[in-house]
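If you want the building blocks of each chain, they are given just below.
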Amino acid sequence: MAERFPVEREAGSLRSRTSGRGRLLWCVESDAHGTGQRLQYRTTNRIATNFTYLDWLIVAVYLAGTVAIGLYVNRYISGMSDYVVAGRSLRSSLAIATMIGSELGLVTVMYSAQMGLTGGFSAMHIGIIAAISSLIIGLTGFIVVPLRRLGVITIPEYYGKRFGPKVRVVGAVMLAGSGILNMGMFLKAGALFVTALTGLSDPTAVNWVMTGLIVIVLVYTVLGGMVSVVITDYLQFALLSVGMLLTCYLAWDKLGWLQLEQAVAEVHGDAGMDPFHADGFGLSYVMWMVFTVGICSNAVWQTTVMRACAADSVATVRRLYAWSSIGFLIRSLIPQFLGICAMAYIWNDDSLRSTFFTPDGALVDDADLQLQAMPIFLSHILPAGMIGLIGAAMLAAFMSTHDSYLLCWASVIAYDVAVPLSGGRLSDRACLWIARGVMVVIGVFLLVWGLWYPLGQNLWDYMAITGAIYFSGAFAVLLGGIYWPRASRTGAMLALLSGFGALMGLTPVRDALGMDVSSEIVGLSVAGLSLVLMVGGSLLFPDKEPILLADAATDDAATDDAATDDATTDDATTDDATTDGAATVDTENTEPPETPV
Amino acid sequence: MNAWSEFWKGLIIVSLVCFALLSVFVMIGGFRDVFAMFRRIDRQHEQSGRGASKPEQAPPSEPGA
């Protein structure tokens, strides 16, 4: 099925070979000593796929349906609370579907598959850490339950209540900036998937697909807000879970465990099996994952916490996290498994092997190429029709993550920057329109960033380090603010600002500074620094008039149990979106309002 | 190496089975919850007087409502 391209090698020149179904470009360069040759494959254009007109039809029907949903649910949006947290009306099953749907995005699938490709089975430690952490958070309510009790919509809103408006605005700018940078590669990853899966061979195809995808996402997210996000997340969850389970079965059936095991051993050696192996991920990387995936991604990252804030009760929050632990495991494990399958398939296919591996058996160090391995593999093993379903499911995954993130960052800018800076004079409706406008601006930025930024590292590492700009400081601020009464505004501000240090973990920045430190060491160091600054700043510069939020951190099991999904309690839910971020009360949880002390 | 291989194999199988079961429950429960969500938002709008969801019944929203 895979098309074989005759390979021609000529030192220092870019060569191409075109056949009836595609084109392959490669470049052969002499090394510094002229003793050997290093192959650099610039791109894999069209490699034969099974994608047919039927598959295009399936994808088109899905996309049209998604936009229609965005238009339909627009009538349920009348205020910021409806728009951002769907009126706080999510019950357990829908909350779990939307949590998994949002977090199991195409970008997750792409970077996890890349991790499986480049790291072997060892990469699966990430899913284990995420699952255990989510379960622990569900059982303990760590950070997320106090936030839900306070009835906040966004994390910076909590900063405002606990540390004042300045910390809120600074925290919001850092959160939104980090988040937008974090999703900077989403669009490109999505476009690479689509072009690789469908076999689009035009060199500009990635750019056009990126443009088309962002326009579709903007249309229905701008119109429908969280309500449309929830609905599309649910549809995506249904489509993707069925599609991925079927794909895993077909991949396993095609390759078999022994072939996978053998390929991993040949390409990665022991490091492909043992996550603690020094030649692979190593202990420092695993520790970095415990912090990023385990703690921050679950309890500090705004898009995840937003689901907790949208839940209809504290009990739902706990169930949501406990049950989502399976989803958090799967969202890494399945794509990583498919990435490993792609590696084994390519390793055993002569034409593909020469594209993805150097002659000495190492993976070609080209992030864009690595990202295309899994979709190319899928396009080879899946039958026509099934590819369309998987393509639609993946596009659904792409859009569900994109819409959640767009909504999240736009809401933060509108709600936590524009509103406080206006002195609380912005109306709810004005706030809503600002959020919509910001979303369009972010969409344009993503398009430009996706076209311009040279990734140069694993997509996952890029995301972890850009996220760390925010969550390194945010973890310290939330931890201190919720569980340490002596935490002060100065400590919080210092902790937040220290997050900028995480920028040094980006490959282009490290290259520019001539640093030879791994990104995980940079990330862990910044996280440690944030905690030190939070504690040191609070002890050295305590607040003269400390603000304490009553009982937010108290784990009141009786209250949790009292919160049910019963429709009668639904009626008691107050719509507590306020235009000025003032104190709000969630009567459903029978919690007292926060009281300045 | 062998122990790791068995561990990863077992993990993948168990995870896929758990996810399949979870998917069935969540798909069924989520379908019901979608309509419950619409009903709740409608009720909230009626209680707060911010306008109903149906366009023909929706008065102009008040700024700051």
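The shown structure was predicted, so the numbers you read here are calculated from the model rather than taken from an experiment. (Residues numbered from 1 in each chain as written. Chains lettered and ligands numbered in written order. Predicted model: local features only at pLDDT ≥ 70, side-chain atom pairs only at ≥ 80, totals over all residues. Heavy atoms only, no water.)

Colleague: Which parts of the structure should I look at to understand the overall build of chain B?
Modeller: Secondary structure summary: chain B contains one helix and zero strands in total. A burial count over chain B gives 38% of its 65 residues as buried. Accessible area of chain B: about 3,700 Å², with a carbon and sulfur share of 68%. (Helix = DSSP H or I, 4+ residues; strand = E, 2+ residues; numbered from the N terminus. Buried < 20%, exposed > 50% of the residue type's maximum accessible area, 1.4 Å probe, protein only. Areas by Shrake-Rupley, 256 points an atom, 1.4 Å probe, with all protein chains shown as cover.)

Colleague: Whenever I open this one, the packing of aromatic side chains confuses me. Can you help?
Modeller: Geometrically, a pair of aromatic rings is defined through the distance of the ring centres and the angle of the planes. All names here are of chain A. The tally for this structure, following the rule as stated, stands at 17 aromatic pairs over all chains. Ring plane angle 55° and centroid distance 5.8 Å describe the contact between Trp301 and Tyr470, whose orientation is recorded as tilted. On the criterion of sequence distance, the pair formed by Trp301 in the loop between α12 (282–300) and α13 (302–310) and Tyr470 in helix α19 (residues 459–483) is long-range, its members being 169 residues apart. As far as the burial class goes, Trp301 and Tyr470 line up, both buried. Grouping aromatic residues by their ring pairs yields a cluster made of Trp288, Phe291, Trp301, Trp409, Tyr470, Phe471 and Phe475. For the cation-ring pair, Arg353 lies above Trp347, with the distance from its terminal atom to the ring centre recorded as 3.7 Å. Here Arg436 stacks its cationic end above the ring of Trp433, 4.9 Å away from the centre of that ring. (Phe/Tyr/Trp six-rings, centres within 6.5 Å; stacked < 30°, edge-to-face > 60°. Lys NZ or Arg CZ within 6 Å of the ring centre and 35° of its normal.)

Colleague: What is the right way to look at the packing of helix α4 (residues 106–119) of chain A against helix α14 (residues 314–347) of chain A in this model?
Modeller: Residues and elements named next belong to chain A. Direction vectors running N to C along α4 and α14 enclose 50°, while the axes themselves pass 7 Å from each other. By the criterion of interaxial angle, the relationship of α4 to α14 is oblique. When the axes of α4 and α14 are compared, the crossing they make is right-handed. Residue-level contacts link Thr108, Val109, Ser112, Ala113, Met115, Gly116 and Leu117 of α4 to Arg331, Ser332, Pro335, Gln336, Gly339, Ile340 and Met343 of α14. Taken together, the residues of the contact of α4 with α14 sort by class into seven nonpolar, six polar and one charged. (Axes fitted to C-alpha atoms, helices over the stretch in contact; angles between N-to-C directions. Parallel < 35°, antiparallel > 145°, perpendicular 65-115°, else oblique. Left-handed = near helix turned anticlockwise from the far one by under 90°. Contact = heavy atoms within 4.5 Å. Nonpolar A, V, L, I, M, F, W, Y, C, P; charged D, E, K, R; others polar.)

Colleague: What should I look at first to understand the nonpolar core in this one?
Modeller: Note on soluble globular proteins: their nonpolar side chains tend to be buried together. Residues and elements named next belong to chain A. Among the nonpolar cores identified, the biggest contains 198 residues, and Phe121, Tyr159, Val300 and Trp460 are the most heavily contacted of them. Ranked by residue count, the leading element in this core is helix α17 (residues 386–421), at 22 residues. Non-local contacts of Tyr159, meaning those with residues more than four positions away in its chain, are made with Gly164, Val167, Arg168, Gly171, Tyr470, Ala474, Val477, Leu478 and Leu496. (Core = buried A, V, L, I, M, F, W, Y, C linked by side-chain atoms within 4.5 Å.)

Colleague: Sorry if this is basic, but what is going on with unusual backbone geometry here?
Modeller: For residues besides glycine, phi is generally negative; the peptide bonds are generally trans as well. Unlike most non-glycine residues, Ile143(A) shows phi in positive territory, near 65°. As for its placement among the helices and strands, Ile143(A) is situated in the loop between α5 (125–140) and α6 (144–150).

Colleague: Got a minute to help me understand the environment of Arg168(A) in this structure?
Modeller: All names here are of chain A. Positionally, Arg168 belongs in helix α8 (residues 165–182). Overall, the relative accessible area of 5% leaves Arg168 in the buried class. Remark: the alpha-carbon pair of Arg168 and Tyr158, spanning 10 residues in sequence, is separated by 7.6 Å.

Colleague: I'm lost on the pattern of salt bridges in this one. Help?
Modeller: Two side chains bearing opposite charge may form a pair once their charged atoms approach each other closely. Residue and element names in this part refer to chain A. Taken as a whole and assessed by the stated rule, the structure comprises three salt bridges over all chains. We note a salt bridge from Lys188 to Asp368, for which the minimum N-O separation is 3.3 Å. In this pair, Lys188 sits in helix α9 (residues 186–198) while Asp368 sits in helix α16 (residues 367–381), placing the two residues 180 residues apart along the sequence. The exposure class of Lys188 is buried, given its relative accessible area of 16%. Between Asp543 and Arg489 there is a salt bridge; the shortest N-O distance is 3.6 Å. Here Asp543, found in the loop between α22 (519–540) and α23 (557–562), pairs with Arg489, found in helix α20 (residues 489–498); they are 54 residues apart in sequence, far enough to count as distant. (Salt bridge = Lys/Arg side-chain N within 4 Å of Asp/Glu carboxyl O.)

Colleague: Would you mind showing me how to read the side chain of Asn298(A) here?
Modeller: Residues and elements named next belong to chain A. Examined against the element boundaries, Asn298 turns out to sit in helix α12. Assessed through its relative accessible area of 0%, Asn298 is described here as buried. Reaching out from Asn298, the side chain makes a polar contact with the backbone oxygen of Ala130 at a distance of 3.4 Å. Beyond its immediate stretch of four places on either side in the chain, Asn298 contacts Ala130, Ser133, Ser134, Ile137, Val144, Val293, Thr304, Tyr321 and Phe328. (Polar contact = N/O pair within 3.5 Å; in protein donor to acceptor, adjacent residues only side chain to side chain.)

Colleague: Can you help me understand the packing of helix α7 (residues 155–163) of chain A against α8(A) in this one?
Modeller: Axis angle and axis distance: for two packed helices, these are the angle between their axes and the distance between the axes, and together they describe the pair. Residue and element names in this part refer to chain A. With their axes 7 Å apart at the nearest point, α7 and α8 run at an angle of 160° to one another. Classified by the angle between their axes, α7 and α8 sit roughly antiparallel to one another. When you trace α7 past α8, the crossing you get is right-handed. Here α7 contributes Pro156, Glu157, Tyr159, Gly160 and Phe163 to the contact with α8, which in turn contributes Pro165, Val167, Arg168, Gly171, Ala172 and Leu175. Here the contact of α7 with α8 is composed, by residue class, of seven nonpolar, two polar and two charged.

Colleague: Looking at this structure, I do not really get a nonpolar patch on the surface. What am I missing?
Modeller: A cluster of nonpolar side chains, contributed by Ile13(B), Val17(B), Leu21(B) and Phe25(B), occupies part of the molecular surface with about 410 Å² of accessible area. By the element assignment, Val17(B) lies in helix α1 (residues 2–48). (Patch = residues over 30% accessible without salt bridge, like charges linked within 9 Å, V, L, I, M, F, W, Y side chains within 5 Å.)

Colleague: Would you mind going over the state of the cysteines with me for this structure?
Modeller: Two cysteines whose sulfur atoms are joined by a covalent bond form what is called a disulfide. Counting across every chain of the model gives zero disulfides over all chains. A disulfide-free cysteine, Cys296(A) has its sulfur positioned 15 Å from the sulfur of Cys408(A), the nearest such atom. The class of Cys296(A) is buried, set by a relative accessible area of 0%. The closest cysteine sulfur to the non-disulfide-bonded Cys18(B) is located on Cys248(A), 14 Å from its own sulfur. (Disulfide = S-S within 2.5 Å.)

Colleague: In this structure, what is going on with α9(A)? I would like to understand it.
Modeller: Since the α-helix packs 3.6 residues into each turn, any two residues three or four apart lie on the same face. Residue and element names in this part refer to chain A. Over its 13 residues, α9 runs 18 Å from end to end, which matches the ideal 18 Å to within 8%, given 1.5 Å per residue. Taken across its 13 residues, α9 has 13 buried, putting it largely inside the fold. Phi turns positive, to about 80°, at Gly199, one or two residues after α9. (Expected span 1.5 Å × (residues − 1).)

Colleague: Which parts of the structure should I look at to understand the environment of Val438(A)?
Modeller: Residue and element names in this part refer to chain A. Relative to the assigned elements, Val438 resides in helix α18 (residues 428–452). Under the relative-accessibility criterion, Val438 is labelled buried at 16%. Between the C-alpha atoms of Val438 and Ile413, which are 25 residues apart in sequence, the distance is 7.6 Å. Non-local contacts of Val438, meaning those with residues more than four positions away in its chain, are made with Ala410 and Ile413.

Colleague: Which parts of the structure should I look at to understand the confidence of the model for chain B?
Modeller: Caution applies to low-pLDDT parts of the model: their predicted coordinates are not meant to be read in detail. Residues and elements named next belong to chain B. Averaged over all residues, the pLDDT of chain B equals 71, while 66% of them reach at least 70. Considering only residues more than four positions removed or in separate chains, one finds that residues 51–65, a stretch of pLDDT under 50, has 23 contacts. The ipTM, which scores confidence in the relative placement of chains, is 0.71 for this predicted complex, and the corresponding pTM is 0.73. (pLDDT = per-residue confidence, 0-100.)

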